[in-house]
Amino acid sequence: MLLCRGSALSRTVARWGRRSQPGDGLLHRTLSFSSSRCVSSGEVRAESGSAPGLYRDTVLLPRSEFPMKLTGQKLLEREVQTQQECGFADLYSWQRERKAKKEFCLHDGPPYANGDPHVGHALNKILKDIRNRFEMLRGRQIHFLPGWDCHGLPIELKALGELGTSGLSPLQIRQKAREFAQGAIARQKAAFQRWGLMADWDQCYYTYDGAYEAAELKVFQEMHSKGLIYQDYKPVFWSPSSRTALAEAELEYNPEHVSRAIYATFPLSTLPPGMAPHGLEGGVSVLVWTTQPWTIPANQAVCYMPNAQYSVVNRADNSQLLLVATERTASVAALLGTELETVGTFTGSQLEGGICTHPTIPDKLVPLLPANHVTMAKGTGLVHTAPAHGMEDYSVASHFKLSVECIVDEDGKFTQLAGPELQNLPVMKQGTDRVISMLEDAGALVKEEQCVHSYPYDWRTKQPVVIRPSKQWFINTASLKDKAKEALQKVRVLPESARGSLLSMLDRRTYWCISRQRSWGVPIPVFYHRETGEPLINKHIVSHIATLFKEKGSDCWWELPIETLLPDNVLKKSDAGPVTDYVRGEDVLDIWFDSGASWAAVLEEETEGETAESPLSWLPAPLRKPLVAESDTRADAYVEGKDQIGGWFQSSLLTSVAVRNKAPYKSLMVHGFAVSEKGEKMSKSLGNVVDPDVVINGGKEPSTPAYGADVLRWWVAESNIFSEVQIGPSALNSARDSIGKLRNTLRFLLGNLQGFDPRTQAVDPKQMHYIDQYMLHQLREYSIKVTDAYSEYDAGRAIRVLQAFINRELSSFYFSIIKDRLYCDPEDSLGRRSCQTVLEEILDGVTRSISPILPHLAEEVYLHAPGHDEGETLFRSGWIKSSSVWRRPGLEEAVEGACAIRDSFLSSIPGKNAAQYDLTIAIEPGLLFELMESLQEEASSTSSQLAELMTVARVTLTCTLPRDLPPDALLSHGTFLINLEGGVIREDSAYSVAAVPTAAARCPRCRRYTAKSADCLCPRCQPIVSQAH
C-alpha cells in the first residue's frame, strides 16, 4: 500500500529522540545506521513473453526508441549527428557569452605542429576537456584557447625534407616551414573536434602569429631590462646533426650509448711541493679516465679532490709509477690485471702546484688543480679537464682563468686549432679513433674499454650531441631559482610526488641557452656592430621590433630594410651610431621560450585604455575579457604530461616569475605517457602504435573495429593517468563493453519513463514510497561523490562511483524491487508515478554525471529523455540537480533496517524464489519495530511497502513469532544497530523471521503469489484488467 501518513516516520524518530534527550533537535539532524546493503536474490517478476496473451497488453513494459546497441557506421554517424544537433561547435562561444559568477581557466599547453594526431594528444586533450565540461556544467565560465607550438627545428627539417637548407634563403625556409605547420595544425584540429573537445576552433593561438610574437618579445624585453638575459661565450650542448645549440629540455638521454673509454697518463714534469720530499722525482704519471677521448687535445688541467687521499703506486708488470686516488687503487689494479704496490700516500691538498706534460702536445704544460666536481664513483679520482667541452670544466677554467679554446666546429669536426692530424675529422667517429692512436703512439694509452652509459642526444635528430663553447644568449636561471621555488610552494601539484621533480629540475639548471642558429623561429631583436661585434639591444629596440612583428609578423625581420628595423629615433634613444654601422642578428629564440611565454599572450588581461597594446587584441571581444575580477591572471590549471616537468611547466614558471614574481598557474596536473598494452613505448618498428583515428573509425583488419570517440574518451577517463597509461585491444574492448552496460541501464530508465512528463506528473518527495525517497537520498550521495571525483581530476574514480551506484544501488537493489510496481500498477497510480519521478531523477543525474566523459552518449540520452523543450541540450542546462530535502531523518534506518531483515531471510532460502514465501517478522517493541510499522500499517499485508522491499507474497509484522509455526517454516535471526546523533541514541534491536511457503496462487498477470487460485487474478490486477476491457 502507499504510505498515507507521511510524517509517521518523523514522529517515531522524534518520540525516541525525546526519550533520550529532550529538546536535542534530533529530528533535524542526519541519522546514521549500521547495516549491510541488501542484495536481491534474482529476478522476481515476469517479463512480457511469459504473461498470457490475454493480459500482455495491460502490462506496462518498457518502451523506448533509444537503440540498445550502436556499432560500426551507425555509431559513427550517430556521434557526428549528435555533435551537429546539439551544437558542439557553438558550445564554447555560448558559455563565454552567458553570465557567470566564476571563471575557470585551463591554459592549453601547445602541442607541436609537426605531425598527425596521436594517442598522446588524445590522452592530454580529452583530460582537459573532461575538466572543462565539468566546470562549465557547474556554472563556471570556461577560458580555454587551444594553441599550437609552431616554430623549431623538427618542423623545419620535415618541411625541407631531402632538400636541406642549401641554397634557400631564410624567408624561403620559413615559408615552407609555415606551410608544413599549418597542414599539421589542420589535421590535429580536425581530430580534436571529432573527439568532442569543447573550444572555439576559429579562435586559437599560434606561436607564429605576429601578435603572439609581439607578446613574447615583451617578456624578453622585461627580462633583458632586469639583467636576466645576457650574451656570453660558454660551453653549451651542441647538435652537429642540427647545427644549433640546444637547451637541456631539448635533449633525450640514450641509456645504451657506447663510448670508447680510455685510461691515459699525463707525466708529472713538476712534482707538487708536497710530494717532493718523498724521492719520487722523474717518473710519476697522473692516470686519468675519460669516456670522450676526443676532448684530450683540448685539455687545460687535471683536477683532484682536495679532501681525498691519493697514492703513488708501482705497477708490478712494468714498474710504472702512477698517481691515483687511494680508494680507486683496487679497482684500477683489477682493470689492469696487475698488482699495484703503494709507494707513497698524500692528501689531495698536497698535490697543489704539480704540473703535467700534455700527452699529445709535448710542449704544452697543464696544472693539477682542486675541484669540487671530482668524484670517486668511477675512474681514477683524477679528472681530465677540457674547459671548452665540459660544463664543470668550464667552471674550473673561470675560477683559475684558464684558456677556453674550442677545437670543434658547428658540424662536430675538429678545427685547425686541433692540429693538422685532426683537422676536419668528425670528433665522435674518426676523430676519436685518431686521438686514441696518438695517445698510443706517445705511450700514454694505458687501457681502452667499451663503456655503455647514458648520453645526451638531440631529441629531434636522435643523434648524439657534443659540448662546445659558442657565443649564445642565456637566461640566468640561477638568480631566478629561489623565487621560482617560492612561487611553486603556492601551487597545488597533482600528484604531489611530482613537486620533487619540479624542484630538482630547477636545481640542476644554472643557466638556459635561448638562442638557436636556425631560421624558423622568433628572431632575437639584436643588432651587432660591424667592426666590434658588440650587440645593440635595449627596451627601445625591442619595443619597436615587437610593434613591427604585431603588424607584419616576424618575417619582416628579413623582409624590411635595416633602416626600418632600426630607425633614427630608436638609434637616438639608444645613443648609437649610424645604422650603417650595424647588421641584424641571425639567431632565433628557443621554442621553449616561445611556448613558455604563452601566459603573456593568452592569460594577461586587457587593460582599459591600452587595447592596441593588448597581447589579446587579435581575439574577438568575448575572448578578451579579464579572467577574474581581482585581476589574478594566473590560470586555474596547467595539465600536461610528465615530460613537461623540465619543459613547458618550467619555462612558463621561470618567465612568469621573472616578469611578474608569480607562477602562471594555480595548480599543475601531471599525467603519464600513453604506452602499449605491454607497457612498451610505442614505436613503428615494434608495430605497437595505436592511431586514434583507427580507434574511432576502425581499420582495415577485423581486429580493429570502429569504437567511436566516446570509447576513446572512456579509456582516458578510466585509466590511472598518474602512471603510464596502457592502450590496446583489451583496454578498448573493456571500455566499449562498459559503455554498452551503461547504455542498457540508461535504456531501461528511458523505457520505463515512456509517456511520463516530470513537469506535470512528478510526485512530491513527501508523498513517495519510502524506498523511492531512499533512492533520492542515495542519488544525492552519489552526486556528491562523483562531483568530488571530478574536482580532483579523478575521472577514473567518477567512473568507479558510477559503476558501483548502477550495479549495487540500481540493478541489484532498486530495479529488482520496483519492476512489479512499474509494470503492473495502474499507469497513473501514485505508487507508479512516485517510482517514475525517482527514475527520471536518476536518469537525469546519471546522464549529467557521465557527460564530461561521454558527451555524445549523454546528449543522445537527453534527446530521448522526457521533460525537455525541443532544442534544449544537456550541456546548456547544468550539472546534477540534487536537493537537500532528499535527505530525511529516519529514512535510512527504515529502509536499511528492512534490508537487513531481508538479507537474513534470503540467506535462509538459497537458490529459491523469495516471491513464493510468506514472512512473519517478529521485533520486540522499540524503535526498529516502529520503523517497520511505518512501512506497513497493517498487521499483515500483501501490498505494503515492507512486502515490496522483502519481494515476498505476504508480510506479517508482530512482536513475537507465533508458537504454531508449520514444520516447514524456515527461521532466521539477527540484530540491527540503530545509531543516532553520533552515538547519543544507540539501540541494538533483535529480530526473528519465519518464512513459510505461501498458500496463495500465482497471478497470471503480475506473477505475484497473491491470487486465490491459479486461474484468478489477484485483487490488485482485477480492476486494472476490467478497466482495460
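Use the structure listed above.
Residues numbered from 1 in each chain as written. Predicted model: local features only at pLDDT ≥ 70, side-chain atom pairs only at ≥ 80, totals over all residues. Heavy atoms only, no water.

Participant: Please clarify how the overall build of the chain should be interpreted in this entry.
Facilitator: Scanning the chain from terminus to terminus reveals 32 helices and 34 strands. A globule of 1029 residues ought to have a C-alpha radius of gyration of about 31 Å, yet the chain, at 39 Å, is considerably larger. In the chain, which comprises 1029 residues, the share counted as buried stands at 57%. Long-range contacts, defined as pairs at least 24 residues apart, comprise 77% of the intrachain contacts of the chain with a sequence gap of at least 6. (Helix = DSSP H or I, 4+ residues; strand = E, 2+ residues; numbered from the N terminus. Rg over C-alpha atoms; globule rule 2.2 N^0.38 Å. Buried < 20%, exposed > 50% of the residue type's maximum accessible area, 1.4 Å probe, protein only. Contact = heavy atoms within 4.5 Å.)

Participant: Is there a simple way to think about the packing of aromatic side chains in this case?
Facilitator: Here a ring pair, both rings aromatic, is described through the centre-centre distance and the interplanar angle of the planes. Per the counting criterion, the structure on display carries 25 aromatic pairs. Ring plane angle 15° and centroid distance 4.3 Å describe the contact between Tyr638 and Trp648, whose orientation is recorded as stacked. Residue Tyr638 is located in strand 26 (residues 637–641), and its partner Trp648 is located in helix 20 (residues 648–660); the two are separated by 10 residues in the primary sequence. Accessibility assignment for this pair places Tyr638 and Trp648 in one class, buried. Residues Tyr782 and Phe805 carry aromatic rings whose centres are separated by 4.5 Å and whose planes lie at 15° to one another, so their mutual orientation is stacked. (Phe/Tyr/Trp six-rings, centres within 6.5 Å; stacked < 30°, edge-to-face > 60°.)

Participant: Is there a simple way to explain the state of the cysteines in this structure?
Facilitator: For the coordinates displayed, the defined rule picks out 0 disulfides. Cys105 takes part in no disulfide bond, and the closest cysteine sulfur to it belongs to Cys204, at a distance of 15 Å. The exposure class of Cys105 is buried, given its relative accessible area of 3%. Cys513 provides the cysteine sulfur closest to Cys406, a residue in no disulfide bond, and the two sulfurs are 14 Å apart. Using a relative accessible area of 12% as the deciding quantity, one classes Cys406 as buried. (Disulfide = S-S within 2.5 Å.)

Participant: How should the sheet that holds strand 24 (residues 582–584) be read in this particular structure?
Facilitator: Neighbouring strands of a sheet are bound in pairs by backbone hydrogen bonds; such pairs are parallel or else antiparallel. With respect to topology, 3 strands assemble into an open sheet ordered 23-22-24, the strand pairing being antiparallel. The sheet is open, and its two edges are formed by strand 23 (535–536) and strand 24, each paired on a single side. Examined bridge by bridge, strand 22 (residues 527–529) and strand 24 share 3 bridges and lie antiparallel to one another. Residue pairing for strand 24: His529 is matched across the bridge by Tyr582. (Pairing = 2+ DSSP bridges.)

Participant: Teacher, can you tell me more about unusual backbone geometry here?
Facilitator: The phi angle of most residues is negative, glycine excepted, and most peptide bonds adopt the trans form. At the junction of Leu494 and Pro495, the peptide bond is cis and its omega measures out at -5° in the coordinates. Inspection of the secondary structure assignment puts Pro495 in the loop between strand 19 (492–494) and helix 13 (498–508). Positive phi values are uncommon outside glycine, yet Ser319 reaches one of about 65°. Looking at the secondary structure, you find Ser319 in the loop between strand 11 (309–315) and strand 12 (321–325). A positive phi angle, near 75°, is found at Asn424, a position not held by glycine.

Participant: Teacher, can you tell me more about the pairing of strand 30 (residues 917–923) here?
Facilitator: Regular strands place their side chains on alternate faces of the sheet. Within strand 30, 6 of the 7 residues are buried, which leaves the element mostly enclosed by the surrounding structure. Note: strand 30 against strand 34 (residues 985–997), 7 bridges, orientation antiparallel. The residue bridging Ala922 from the neighbouring strand is Ser992, located in strand 34. Pairing between strand 30 and strand 32 (residues 954–958): 5 bridges, direction parallel. Across the sheet, residue Ala922 finds its bridge partner in strand 32, namely Thr958.

Participant: Is there a simple way to explain the side chain of Arg174 in this structure?
Facilitator: Summarising the element assignment, Arg174 is placed in helix 7 (residues 170–194). Once you skip the residues sitting within four places of it in the chain, Arg174 turns out to touch Ser519, Trp520, Gly521, Ser554, Asp555 and Trp558.

Participant: Could you clarify how one ought to interpret the sheet that holds strand 2 (residues 103–107) in this entry?
Facilitator: If you trace the 5 strands from one edge of the open sheet to the other, you get 3-2-26-27-19, paired in parallel fashion. Two strands lie at the open edges of the sheet, namely strand 3 (141–143) and strand 19, each paired on one side alone. In this sheet, adjacent strand axes meet at a mean angle of 20° when their direction is disregarded. Against the sheet, helix 20 engages strand 2, strand 26 and strand 27 (667–671), with an angle of about 145° to strand 26. (Axes fitted to C-alpha atoms, helices over the stretch in contact; angles between N-to-C directions.)

Participant: Where do I start with helix 11 (residues 430–441) in this structure?
Facilitator: Within an α-helix, residues lying three or four positions from one another point in the same direction, as the helix has 3.6 residues per turn. The terminal C-alpha atoms of helix 11 lie 16 Å apart, and with 12 residues this matches the ideal 16 Å at 1.5 Å per residue to within 8%. Those residues of helix 11 that fall on the buried side of the exposure criterion are Gly431, Thr432, Val435, Ile436, Met438 and Leu439. Each buried residue of helix 11 lies within a common arc of 160° when the element is viewed along its axis, so the set occupies one face. Facing away from the buried surface of helix 11 by more than 90 degrees, the exposed residues are Glu440 and Asp441. In this structure, the buried side of helix 11 is in contact with strand 8 (251–270) and strand 17 (445–458). (Expected span 1.5 Å × (residues − 1). Arc of directions from axis to C-beta.)

Participant: What am I meant to see in the pairing of strand 12 here?
Facilitator: The buried count for strand 12 comes to 5 of 5 residues, which makes it a mostly enclosed element. Every second residue of strand 12 is oriented toward a common face, with Leu321, Leu323 and Ala325 on one face and Leu322 and Val324 on the other, all of them buried. When strand 9 (residues 284–290) meets strand 12, the two strands line up parallel, connected through 3 bridges. Bridging from a neighbouring strand, Val284 pairs with Leu321 of strand 12.

Participant: What am I meant to see in the pattern of salt bridges here?
Facilitator: A side chain of one charge can pair with a side chain of the opposite charge if their charged atoms are brought near each other. One pass over the structure, following the stated rule, counts 43 salt bridges. Residues Arg736 and Asp737 are paired through a salt bridge, measuring 3.9 Å at the closest nitrogen-oxygen approach. Its relative accessible area of 35% is what places Arg736 among the partly exposed residues. You can call Asp737 partly exposed: its relative accessible area is 42%. Each of the salt bridges in this network shares a partner with another, and the network as a whole consists of Asp108, Lys125, Lys128 and Glu640. (Salt bridge = Lys/Arg side-chain N within 4 Å of Asp/Glu carboxyl O.)

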